[in-house]
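Observations on chain architecture
In case you want the letters, here they are:
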Protein chains: 2
Amino acid sequence: MTIESALQQLKDLQMKLCAFSHATGAIYLDSVTVAPEDTAAGRGETLGVLSKLSYEMFANEEVAKLLAFLRENADKLTRQQAREVEMLQRDYDEISKIPQDEYVQYRKLINDAQSVWHKAKRDNDFASFAPYLEKIVEANRRFAGYFNKNEHPYNVCLNQYEYGLTMEKLDIFFDKLKQTIVPLIRRIQTEAKQIDDSFLHGHYPVEAQRKFSDYLMEVMSIDRKHCGIGETEHPFTIHFNKYDVRITTKYHEDDPTKSMYSVIHEGGHALYELGTADELMYTRLANGTSMGIHESQSRLFENIIGRSESFINLIFPKLQELFPEQLAGVDAHKFYLAVNKSEPSLIRIEADELTYCLHIMVRYEIEKMLMEDKVKVSELPAVWAAKMKEYLGVDVPDDTRGVLQDSHWSGGSIGYFPSYALGSAYSAQIVDRMRQDIDIEATIASGNLRPIVEWLEERIYRFGSMLDPDDVIMNCCGEPFDPTYFTEYLSAKFKAIYDLD
Amino acid sequence: MTIESALQQLKDLQMKLCAFSHATGAIYLDSVTVAPEDTAAGRGETLGVLSKLSYEMFANEEVAKLLAFLRENADKLTRQQAREVEMLQRDYDEISKIPQDEYVQYRKLINDAQSVWHKAKRDNDFASFAPYLEKIVEANRRFAGYFNKNEHPYNVCLNQYEYGLTMEKLDIFFDKLKQTIVPLIRRIQTEAKQIDDSFLHGHYPVEAQRKFSDYLMEVMSIDRKHCGIGETEHPFTIHFNKYDVRITTKYHEDDPTKSMYSVIHEGGHALYELGTADELMYTRLANGTSMGIHESQSRLFENIIGRSESFINLIFPKLQELFPEQLAGVDAHKFYLAVNKSEPSLIRIEADELTYCLHIMVRYEIEKMLMEDKVKVSELPAVWAAKMKEYLGVDVPDDTRGVLQDSHWSGGSIGYFPSYALGSAYSAQIVDRMRQDIDIEATIASGNLRPIVEWLEERIYRFGSMLDPDDVIMNCCGEPFDPTYFTEYLSAKFKAIYDLD
C-alpha cells in the first residue's frame with residue numbers, strides 16, 4: 001500500500017459513507033413528511049439492506065488495515081487527514097465490535113420501535129412500547145460492554161453524543177444548576193407577579209405563521225438556496241451535506257411561539273452545518289462535532305438571542321403586521337415577558353428556559369438507572385411521575401404527557417438528553433466571549449444577525465468535527481467549560497423579568 | 001453452488017437492487033418536491049456513488065455465474081424464479097456491456113442535464129442544453145452498439161421501454177393512426193361547430209382543487225394508506241414498492257382540468273403498481289412490465305374513462321360543489337364537450353386525445369433521425385418547427401413551447417415517447433375486452449370504479465413483469481395487439497362529439 005493509494009481509499013470510503021447517510025436521510029425525511037401512513041414495512045426492508053451494506057463496507061479487515069497503515073504514517077498526513085483517521089478509528093472501534101447480525105437486528109428494532117412509539121404516544125399506551133424499550137436498553141447495555149467493558153455503560157452511552165462526557169462531570173454540572181434553578185423557581189412561584197401570556201393563545205392561522213418562518217430565516221441570514229423548511233410532527237434538522245440542509249417545524253394555530261422557537265432552534269442547528277468548511281465535505285468531519293455543541297448553537301439562537309428583549313423588539317412589528325387582531329393591545333415588552341414566562345410544566349419541549357434543565361435531570365437520572373439495571377422498564381411511568389413531582393412539583397396525568405413524550409429512546413438514543421442542558425450552558429459561555437468582540441444587542445437591533453453568525457462560523461462552525469467538544473469550547477472561549485456563565489445568565493435574566501432584587 | 005444457496009443469492013441480489021432503487025427514488029422525489037434550489041451538486045455526488053455501487057453489485061462475474069447456474073437448473077425453478085432469472089439476464093446482458101466508468105459518467109451527465117434543461121426551458125435557451133443533449137444522444141448510440149451491434153440503434157432504444165418493439169411495427173402503427181386521425185382533425189376544423197370551453201379558464205383556487213384530487217383518488221379506489229399525492233412541476237408516478245406509491249400533480253389556477261387529468265392519469269399508473277402480486281415484492285418482477293403497458297393503464301383511466309360522458313356525469317356534482325361560481329350555468333354535458341375539445345396545439349401534455357398521437361409522431365421521427373445521425377442537435381429547433389407545422393399545422397413561437405417542452409431527453413430517455421401512443425392504443429383494445437365482462441358505464445355511474453380496477457388487477461396488474469408486453473395483451477384480450485380498436489374508438493367518439501355524420 002502506498003500513501004497515495006491509502007489516501008485515495010480513505011477518501012472513497014468516506015464518500016461512500018456520506019452517500020449512504022444521504023440516502024437513508026432522504027428516506028427518513030420522506031417518512032416523516034409525506035410518506036403515506038402504511039409504508040413503514042417496505043422502508044424497514046430498504047433501511048435494513050442499506051445498513052447491512054454500510055456495515056460490511058466499513059467494519060471489515062481491509063478498513064482496519066487501511067486505518068492502521070495511515071496511523072503508522074501519521075507524519076505524512078495533513079492535520080485534517082489525521083483527524084479523519086482518528087474519528088474513523090473511533091467509529092471502527094465501536095461498530096466493528098458489534099456482531100453484524102446484532103447490528104442489523106438493532107437497526108430493524110429501531111425502525112419498528114419508532115412506529116410503535118408513535119402509536120403508543122397517540123394512544124397513551126406505554127405497555128405496547130415497553131417490550132421495544134426493554135430490547136433497546138438491553139442492546140445499549142450490551143453494546144456498551146462491547147465498546148468498553150471497563151467503563152460504566154452509561155458513560156459509554158454519553159460518549160456517543162458528547163465525546164469525553166462522564167456521569168462524574170454531569171453530576172457536578174447538574175448539582176450546580178439545581179442550586180441556582182430550584183430556589184429561583186420557588187421565588188418566582190411565591191414572590192413574583194405572574195406574567196400574562198393569554199394573548200398567545202388566540203387563533204393564529206398557519207398560512208401567516210409560514211410567512212413568519214420565512215421572515216425568521218431571513219433575519220437569521222439562513223441561505224434558503226441551501227436550506228429548506230418542512231413540516232413534521234416533531235421539528236428537527238437534517239443535512240445531506242453542507243449545501244443541503246433542511247429544518248422542520250410544526251404549526252400550532254393556538255400558539256405562534258411554538259413554531260417560532262422551533263424555527264429559531266432548528267435554524268441554529270442549520271447555521272452550524274451550513275457553516276462547516278468546504279474542505280471537510282464528504283468526509284467524516286463534515287458535521288457538527290457533538291450533540292452538546294450542536295445544542296449550544298440551537299439554544300444560543302432560541303434562548304439567548306431569540307428570547308432577548310432586543311430580538312423581540314426587532315421582530316415584533318412583523319408579528320403585528322401578520323397578526324394585527326390577535327396582538328391588538330400587546331406591545332413588544334409584553335410579548336417579551338410572555339415568551340419568558342417561567343412555570344413548571346409537563347412537556348420538555350414546551351418548557352421555559354429556566355425549568356427546562358429540570359426536565360433533563362429527570363431523564364438523566366432515569367437513564368442512569370436503566371443502564372445500571374436499577375429500574376425495570378415497566379416501572380418507568382411510576383418513576384417518571386415521582387421524579388416530575390420531586391423536581392417540578394407537577395402531577396403527570398398520563399404517559400402521553402409523561403414517559404412517552406420524547407422520541408429519543410424509541411430511536412435508540414440513550415445518553416442524548418444531557419446534551420440539551422450542556423448545550424444551554426455552553427451557549428451562555430460562548431455568548432459571554434462573543435460580547436468581547438460584538439455589541440450583540442446593537443447587532444440584533446440592526447435586523448441582520450450576519451455578524452453574529454460569522455463570528456460563530458469563524459470560531460465554531462468551520463471546524464466541523466475537527467475538534468472534540470472540550471476543545472471547541474477551549475478554542476472558542478480561551479478557557480475550559482464553566483457552567484457559572486449559564487447560572488449567572490439565568491439568575492440575572494429571570495430576576496429582572498420577575499422583578500426580584 | 002447448491003440450488004438452495006443460488007436461490008438465496010438470487011433473492012439477496014434482487015433485495016439489494018430494490019433497496020438501491022428505493023434510495024435513489026427517495027432522493028429523486030425529494031429533489032423535485034422540497035429540495036432547496038442549489039442542492040444538485042451534492043445529490044449528484046451521492047447518486048454517482050450509489051450508481052457505481054449498484055453497478056459493481058450487479059455487473060460482475062459472480063452474478064454472471066449465478067444466472068448461468070440457475071439457467072442450467074431451470075427445471076428446478078418455479079415459473080416466477082425462472083422469469084426473475086430471465087429478466088435479470090436481460091439487464092445483465094445490457095449493463096455489463098457498458099464499461100463502468102462510462103456508466104457512472106452517464107449517470108452524472110443525466111443528473112447535470114436535467115438541471116440544465118430545467119433552466120433552459122425556463123429561459124427559452126436551447127443553446128445551453130444542446131451540448132448535453134449531444135452527449136446524451138451519443139451515449140445512447142454508443143450503448144445501443146454495446147447492447148446489440150447487429151440491431152438498428154433506435155430499435156435497441158425502443159426495446160428499453162417496450163420489449164419487442166421495432167421501428168417496423170411502429171411505422172405500420174403510426175401510418176394506420178395517421179389515416180384515421182388526420183382526416184378527422186381536418187373535418188373537425190372545417191365542418192364542425194367549435195366547442196366552448198371558456199368557462200374552464202376562470203379562477204379555480206388551488207385549495208379546492210386539492211380537495212378535488214382527494215375526491216378523484218377516492219372514486220378511483222386508490223388506497224391512500226399506500227399512495228400519497230404531491231405537487232411537482234411535472235406530474236409523475238414513483239413507487240418504492242407495491243405498498244408505497246406516490247403520484248404528483250401540478251395545479252393551474254386558470255384551468256382545473258389540467259390537474260384533474262394529471263391525477264387520473266398518474267392514478268392509473270399508481271393502480272397498476274398497487275395491484276402487482278405480493279409474491280413479486282422485492283424482485284425484478286415487482287413493476288409494471290413496460291412503459292407501453294404502463295401508459296395503457298394511465299391513459300385508460302385518463303381518456304377512455306376520465307373523458308367519458310358517464311364519468312363526467314359522476315364527478316360533475318362534486319365540481320359544482322367546489323366551484324359553484326366558476327361553473328354557474330354549465331352542465332355536465334357542456335363540461336364533457338369542453339374536456340374533449342379537439343384542437344391542434346403546441347404542448348404534448350396539454351393535447352387532446354385525438355391530436356395527441358401526432359405530437360408523438362413528431363418526436364418519433366426526430367428520435368429516429370437523431371439515432372441515425374441524420375440530424376444535428378443544433379438543427380432540432382428548426383426540424384421541430386417544421387414537423388409541428390406539417391403534422392399539426394401550428395407555428396412554434398419559441399423552444400420553451402417547442403423542442404424544450406419535454407423532460408425525457410434530458411433524463412436520457414430516447415425511445416420512450418412511442419409508448420404513449422402505443423399505450424393509448426392498447427387501452428382501447430383492453431377496454432373492448434373488458435366490456436364482455438363489465439357494464440362499464442353502469443359501473444362508472446355507480447360511483448365506485450373498484451370492479452374495473454379489480455378486472456384490471458386480475459388480468460394485468462398482478463402479473464407485474466411476469467409477462468412481456470405482447471403477452472400481456474394476448475393474455476388479457478385473447479388476441480394480439482390490434483390498433484383498429486383504437487382508431488375505431490377515436491372515430492366513433494369524436495364523430496359523435498362533433499356531430500359529424
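From a predicted model like this one, the values you see are computed outputs, not experimental measurements.

Parameters and conventions
- Residues numbered from 1 in each chain as written.
- Chains lettered and ligands numbered in written order.
- Predicted model: local features only at pLDDT ≥ 70, side-chain atom pairs only at ≥ 80, totals over all residues.
- Heavy atoms only, no water.
- Least-squares fit on C-alpha atoms with pLDDT ≥ 70 in both.
- Contact = heavy atoms within 4.5 Å.
- Phe/Tyr/Trp six-rings, centres within 6.5 Å; stacked < 30°, edge-to-face > 60°.
- Helix = DSSP H or I, 4+ residues; strand = E, 2+ residues; numbered from the N terminus.
- Buried < 20%, exposed > 50% of the residue type's maximum accessible area, 1.4 Å probe, protein only.
- Lys NZ or Arg CZ within 6 Å of the ring centre and 35° of its normal.
- Pairing = 2+ DSSP bridges.
- Axes fitted to C-alpha atoms, helices over the stretch in contact; angles between N-to-C directions.
- Salt bridge = Lys/Arg side-chain N within 4 Å of Asp/Glu carboxyl O.
- Nonpolar A, V, L, I, M, F, W, Y, C, P; charged D, E, K, R; others polar.
- Domains from an automatic or database assignment.
- Buried area = accessible area lost by both parts, 1.4 Å probe.
- Polar contact = N/O pair within 3.5 Å; in protein donor to acceptor, adjacent residues only side chain to side chain.
- pLDDT = per-residue confidence, 0-100.
- Parallel < 35°, antiparallel > 145°, perpendicular 65-115°, else oblique.

The next thing to look at is the relation of the copies chain A and chain B. For the match of chain A to chain B, the screw axis carries a shift of 0.1 Å, the RMSD comes to 0.1 Å, and the turn is 180°. Both copies are brought into coincidence by an operation consistent with a two-fold rotation axis. Looking at the interface residues of chain A, 100% of them are also at the interface in chain B, so both copies use one shared face.

Under the criterion given, the structure shown has 45 aromatic pairs over all chains. With a centroid separation of 5.8 Å and 65° between ring planes, the pair formed by Phe173 of chain B and Phe481 of chain B is classed as edge-to-face. Within this pair, whereas Phe173 of chain B is found in helix H8 (residues 167–191), its partner Phe481 of chain B is found in the loop between helix H19 (469–477) and helix H20 (484–497), the two being separated by 308 residues in sequence. According to the relative accessible area criterion, Phe481 of chain B is partly exposed, its value standing at 26%. Aromatic rings pair up to connect Tyr161, Tyr356, Trp384, Trp409, Tyr416, Phe417 and Tyr420 of chain A into one cluster. Seen from the ring of Tyr420 of chain B, Arg348 of chain B lies directly overhead, with NZ or CZ sitting 4.7 Å from the centre.

This next bit is on the side chain of Asn140 of chain A. Residue and element names in this part refer to chain A. Mapped onto the secondary structure, Asn140 falls in helix H6 (residues 126–147). Note on Asn140: relative accessible area 11%, which makes it buried. Those residues in contact with Asn140 that sit more than four places away from it in its chain are Tyr106, Cys157, Met371, Gly412 and Ile414.

It is worth spelling out the sheet that holds strand E2 (residues 237–241) of chain B at this point. Residues and elements named next belong to chain B. Overall, mixed pairing links the 3 strands, which are arranged E1-E3-E2 in an open sheet. The strands lining the two open edges of the sheet, one partner per strand, are strand E1 (227–231) and E2. On average, each strand axis in the sheet is tilted by 20° relative to the strand beside it, whichever way the strands run. Strand direction decides the pairing type here: E2 and strand E3 (residues 244–249), joined by 4 bridges, are antiparallel. Bridged to Thr237 within E3 is Ile247. Packed on one face of the sheet, helix H1 (residues 3–33) meets E1, E2 and E3 and runs near 145° to E2.

Another point: the interface of chain A and chain B. Contacts between chain A and chain B engage 36 residues on the former and 36 residues on the latter. Measuring nitrogen to oxygen at the nearest pair gives 2.7 Å for the salt bridge that ties Asp30 of chain B to Arg246 of chain A. Going through the elements one at a time, helix H1 (3–33), helix H2 (40–58), strand E1 (227–231), strand E2 (237–241) and strand E3 (244–249) of chain A are the ones with two or more residues in the side of chain A that touches chain B. Per-element tally for the side of chain A that touches chain B: the top contributor is H1 of chain A, with 10 residues. For the side of chain A that touches chain B, the class distribution of residues is 19 nonpolar, 7 polar and 10 charged.

Taken together, the buried positions of helix H7 (residues 153–161) of chain A are occupied by Tyr154, Asn155, Val156, Cys157, Leu158 and Tyr161 of chain A. Next to the buried residues of H7 of chain A lie H6, helix H8 (167–191), helix H11 (291–305), helix H14 (356–371) and helix H16 (418–434) of chain A.

Residue and element names in this part refer to chain A. Each domain of chain A was delimited in the assignment, giving domain 1 (3–149) and domain 2 (167–497). The straight-line distance from the C-alpha centre of domain 1 to that of domain 2 is 27 Å. Carbon and sulfur atoms make up 66% of the surface buried where domain 1 meets domain 2, a total of about 3500 Å² over both sides. The partner of Arg83 in a salt bridge is Asp468, and the shortest N-O contact between them spans 2.9 Å. For the pair domain 1 and domain 2, the interface holds 15 residue pairs in polar contact (both at pLDDT 80 or more).

Looking at chain A as a whole, its pLDDT mean stands at 96, while 100% of the residues score no less than 70. Predicted complex, confidence summary: ipTM 0.92, pTM 0.93.

Residue and element names in this part refer to chain A. On the basis of which strands lie adjacent, the open sheet formed by 3 strands has the order E1-E3-E2 and mixed pairing. Each edge of the sheet is formed by a strand with only one pairing partner; in this case those strands are E1 and E2. Between one strand axis and the next, the sheet turns by 20° as a mean value, whatever way the strands run. Sheet strands in contact with H1 are E1, E2 and E3, and its direction is about 145° off that of E2.

To continue, consider the packing of H6 of chain A against H7 of chain A. Residues and elements named next belong to chain A. Running from N to C, H6 and H7 cross one another at 85°; their axes reach a closest spacing of 9 Å. By the angle between their axes, H6 is roughly perpendicular relative to H7. Note on element contacts: H7 touches H6 through Pro153, Val156, Cys157 and Gln160, opposite Asn140, Ala144 and Phe147. Here the residues of the contact of H6 with H7 sort into 5 nonpolar, 2 polar and no charged.

What follows is about unusual backbone geometry. The residue Asn124 of chain A is not glycine, and still its phi comes out positive at about 50°. Looking at the element boundaries, Asn124 of chain A is found in the loop between helix H5 (100–123) and H6. Taking the relative accessible area as the measure of exposure, Asn124 of chain A reaches 37% and is therefore partly exposed. A positive phi angle, close to 60°, is found at Tyr282 of chain B, a residue other than glycine. With respect to the helices, strands and loops of the structure, Tyr282 of chain B is situated in the loop between helix H10 (256–274) and helix H11 (291–305).

Taken as a whole and assessed by the stated rule, the structure comprises 82 salt bridges over all chains. Residues Glu86 of chain A and Arg83 of chain A are paired through a salt bridge, measuring 3.4 Å at the closest nitrogen-oxygen approach. Of the two residues, Glu86 of chain A and Arg83 of chain A both sit in helix H4 (residues 79–95), 3 residues apart, roughly one turn of that helix. Relative accessible area serves as the criterion here: at 37%, Glu86 of chain A is assigned to the partly exposed category. The closest approach of N and O atoms between Arg299 of chain B and Glu302 of chain B, which form a salt bridge, is 3.7 Å. With Arg299 of chain B and Glu302 of chain B both in helix H11 and 3 residues apart, the pair spans about one turn of that helix. Each member of the pair Arg299 of chain B and Glu302 of chain B is classed as buried. Counted as one network, the salt bridges with shared partners bring together Asp30 and Arg43 of chain A together with Asp244 and Arg246 of chain B.

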